[in-house]
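Here's the letter readout for the chains.
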Amino acid sequence: MSLTYSTYLGLNDLLQLQQPRSSPPEHDEMLFIVIHQTYELWFKLVLHELDKVKRDFSAGDLYGAIHTMRRCRTIMKTLVAQIDILETMTPMSFTSFRDRLETSSGFQSSQYRELEFVLGYKRPAMMKFFKADDPAAPVMQKRLNERSLVDHFYDFLKLHDVDVPESLMKRDVSQPNEANEHVQEGLLRLYTSRPDLVILFEAMTDFDEGLQEWRYRHVKLVERTIGAKHGTGGSLGVEFLKKSLFLPVFADLWAIRHKL
Ligand code: HEM
């Protein structure tokens, strides 16, 4: 059989994957499922792209890194904009099928945790929310134990004579990345002497800001939809989500801005 649009994209499988649980069906549950599945597809792509940026960083490929970081930034803007669609769902409409979600929650998105790990926000404790026999568990564990994008960024900076301390190069990579003064000194020098590198640094800052925007839009979506109710994942809901609102990925890029 020759390849078709449908067989290439696996559409027969893909379009069977939207199965509302409400009975009789609540109209908005389809939107709820489609939007979450769409997010997961974008997460898959961002992970794929960030893996390339890691390689670009370590190989010193500036233009490759700029190109792909810009793509990631654009995807992030799309992720933020999609929240508008879900905000057309009223709290009453969500309440009509919320019980059907039982204890499932975006909190259990393994790809979102992978994304956090890749970006250096390593919280080994997150692993305990996934069963050992969950096929996603070893994938997450691998991400937890491998060098993050920030660690690969150190490689890039070293290629540009930044004095990245050995302690950072040999750090326990299963722990979160943290801001470092030596790295910041090097970045300051590059910001004022290398306009080509600044294009990359700004694209990274855009991406970082995009992720913070997503957290903000998500928490507001949650607040307008469920108010002070607890999450289906068992957290305090809005109060829990507010804690990570302003968390940066590239902390060193943010720390130097008042000196530029
Ligand atoms: C009506 C819409 C939504 C509501 C009411 C909602 C609610 C919540 C709540 C209350 C939490 C905290 C954990 C918990 O106790 O469940 C959470 C976490 C999360 N949600 Fe949503 N959410 C919505 C839509 C979305 C969408 C569209 C996504 C896209 C993937 C998403 C992804 C996540 C992620 C990744 C977390 C974990 C955040 C973290 O741990 O920092 N949520 N959500």
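Each value, and the rule that gives it
- Residues numbered from 1 in each chain as written.
- Predicted model: local features only at pLDDT ≥ 70, side-chain atom pairs only at ≥ 80, totals over all residues.
- Heavy atoms only, no water.
- Near = heavy atom within 4 Å.
- Polar contact = N/O pair within 3.5 Å; in protein donor to acceptor, adjacent residues only side chain to side chain.
- Helix = DSSP H or I, 4+ residues; strand = E, 2+ residues; numbered from the N terminus.
- Core = buried A, V, L, I, M, F, W, Y, C linked by side-chain atoms within 4.5 Å.
- Buried < 20%, exposed > 50% of the residue type's maximum accessible area, 1.4 Å probe, protein only.
- Contact = heavy atoms within 4.5 Å.
- Donors = N, O, S within 2.8 Å, 3.2 Å for Na, K, Ca; no water.
- Salt bridge = Lys/Arg side-chain N within 4 Å of Asp/Glu carboxyl O.
- Axes fitted to C-alpha atoms, helices over the stretch in contact; angles between N-to-C directions.
- Parallel < 35°, antiparallel > 145°, perpendicular 65-115°, else oblique.
- Left-handed = near helix turned anticlockwise from the far one by under 90°.
- Nonpolar A, V, L, I, M, F, W, Y, C, P; charged D, E, K, R; others polar.
- Phe/Tyr/Trp six-rings, centres within 6.5 Å; stacked < 30°, edge-to-face > 60°.
- Lys NZ or Arg CZ within 6 Å of the ring centre and 35° of its normal.

The immediate surroundings of the ligand are formed by 26 residues, with Ser105, Arg113, His218, Gly233 and Ser235 found nearest. Histidine 218 places a side-chain nitrogen or oxygen 2.9 Å from a nitrogen atom of the ligand. Contact distances for the ligand include 2.7 Å between an oxygen atom and a side-chain N or O atom of serine 235. Counting residues per element, the ones that place at least two in the shell around the ligand are helix H3 (29-59), helix H7 (110-118), helix H12 (195-226) and helix H13 (238-242). Ranked by residue count, the leading element in the shell around the ligand is H12, at 6 residues.

Looking at soluble globular proteins, one finds that nonpolar side chains tend to be buried together. Of all hydrophobic cores here, the largest spans 60 residues; its most connected members are Leu50, Phe57, Leu157, Leu200, Phe201, Met204 and Phe207. If you list the elements that add at least two residues to this core, you get H3, helix H4 (62-81), helix H5 (83-86), helix H6 (91-98), H7, helix H9 (149-159), helix H11 (181-193) and H12. The dominant element in this core, judged by the number of residues it contributes, is H12, at 13 residues. Not counting residues up to four positions away in its chain, the partners in contact with leucine 157 are Val162, Val164, Val183, Leu187, Leu190 and Phe201. By size, the runner-up hydrophobic cluster in this structure holds 7 residues, among which are Met126, Met127, Phe130 and Leu144.

All right, on to the coordination of the iron atom of the ligand then. When only protein atoms are considered, the iron atom of the ligand has one donor, His218 (NE2), at a distance of 2.2 Å. Here histidine 218 is to be found in helix H12.

To continue, consider the side chain of serine 148. On the secondary structure map, serine 148 appears in the loop between helix H8 (136-145) and H9. We classify serine 148 as buried; its relative accessible area is 0%. Only 3.2 Å separates the side chain of serine 148 from the backbone nitrogen of valine 150, close enough to count as a polar contact. The residues contacting serine 148, other than those within four sequence positions of it, are Lys54, Phe117, Val118, Leu119, Gly120, Lys122, Arg171 and Asn177.

Now for the pattern of salt bridges. A complete count under the given rule lists 22 salt bridges for this structure. The closest approach of N and O atoms between aspartate 206 and arginine 73, which form a salt bridge, is 2.6 Å. Here the residue aspartate 206 occupies a position in helix H12, and arginine 73 occupies one in helix H4, the gap between them amounting to 133 residues. Owing to a relative accessible area of 30%, aspartate 206 belongs among the partly exposed residues under this scheme. Ionic pairing is found between arginine 257 and glutamate 202, a salt bridge with its closest N-O pair at 2.8 Å. Placement of arginine 257 in the segment after helix H14 (251-255) and of glutamate 202 in helix H12 is noted, with a sequence separation of 55 residues between them. Overall, arginine 257 belongs to the partly exposed group, its relative accessible area being 28%. Several salt bridges share partner residues, and in doing so they unite Asp51, Lys54, Glu114, Lys142, Arg143 and Glu146 into one network.

Here the focus is the packing of H3 against H9. Two numbers describe how H3 lies on H9: the axes approach to 7 Å, and their chain directions differ by 25°. As judged from the angle between their axes, H3 and H9 are roughly parallel. The hand of the H3/H9 crossing is left-handed. Packed against H3, whose contacting residues are Leu50, Val53, Lys54, Phe57, Ser58 and Ala59, the element H9 presents Leu149, His152, Phe153, Asp155, Phe156 and Leu159 at the interface. Class assignment of the residues belonging to the contact of H3 with H9 gives a composition of 8 nonpolar, 2 polar and 2 charged.

Between H11 and H12, whose axes approach to 7 Å, the crossing angle comes to 120°. In this view, H11 runs oblique relative to H12, as classed from their interaxial angle. Relative to H12, the crossing made by H11 is left-handed. Two secondary-structure elements touch here, H11 through Leu187, Leu190, Tyr191 and Ser193 and H12 through Pro195, Leu197, Val198, Phe201, Glu202 and Thr205. The residue inventory of the contact of H11 with H12, partitioned by class, reads 7 nonpolar, 2 polar and 1 charged.

Once that is clear, we can look at the packing of aromatic side chains. Ring pairs (aromatic) are described by centroid distance and by the angle formed between their planes. In this structure the tally under the stated criterion is 15 aromatic pairs. On the numbers, 5.9 Å between centres and 85° between planes, the contact of phenylalanine 153 with phenylalanine 201 is edge-to-face. In this pair, phenylalanine 153 sits in helix H9 while phenylalanine 201 sits in helix H12, placing the two residues 48 residues apart along the sequence. Through a chain of ring-to-ring contacts, three or more aromatic side chains come together here, namely Phe57, Phe153, Phe156, Tyr191, Phe201 and Phe250. Over the face of the ring belonging to phenylalanine 107 we find arginine 113, whose NZ or CZ atom lies 4.9 Å from the ring centre.

Purely geometric stuff here, so don't read any function into it on its own.
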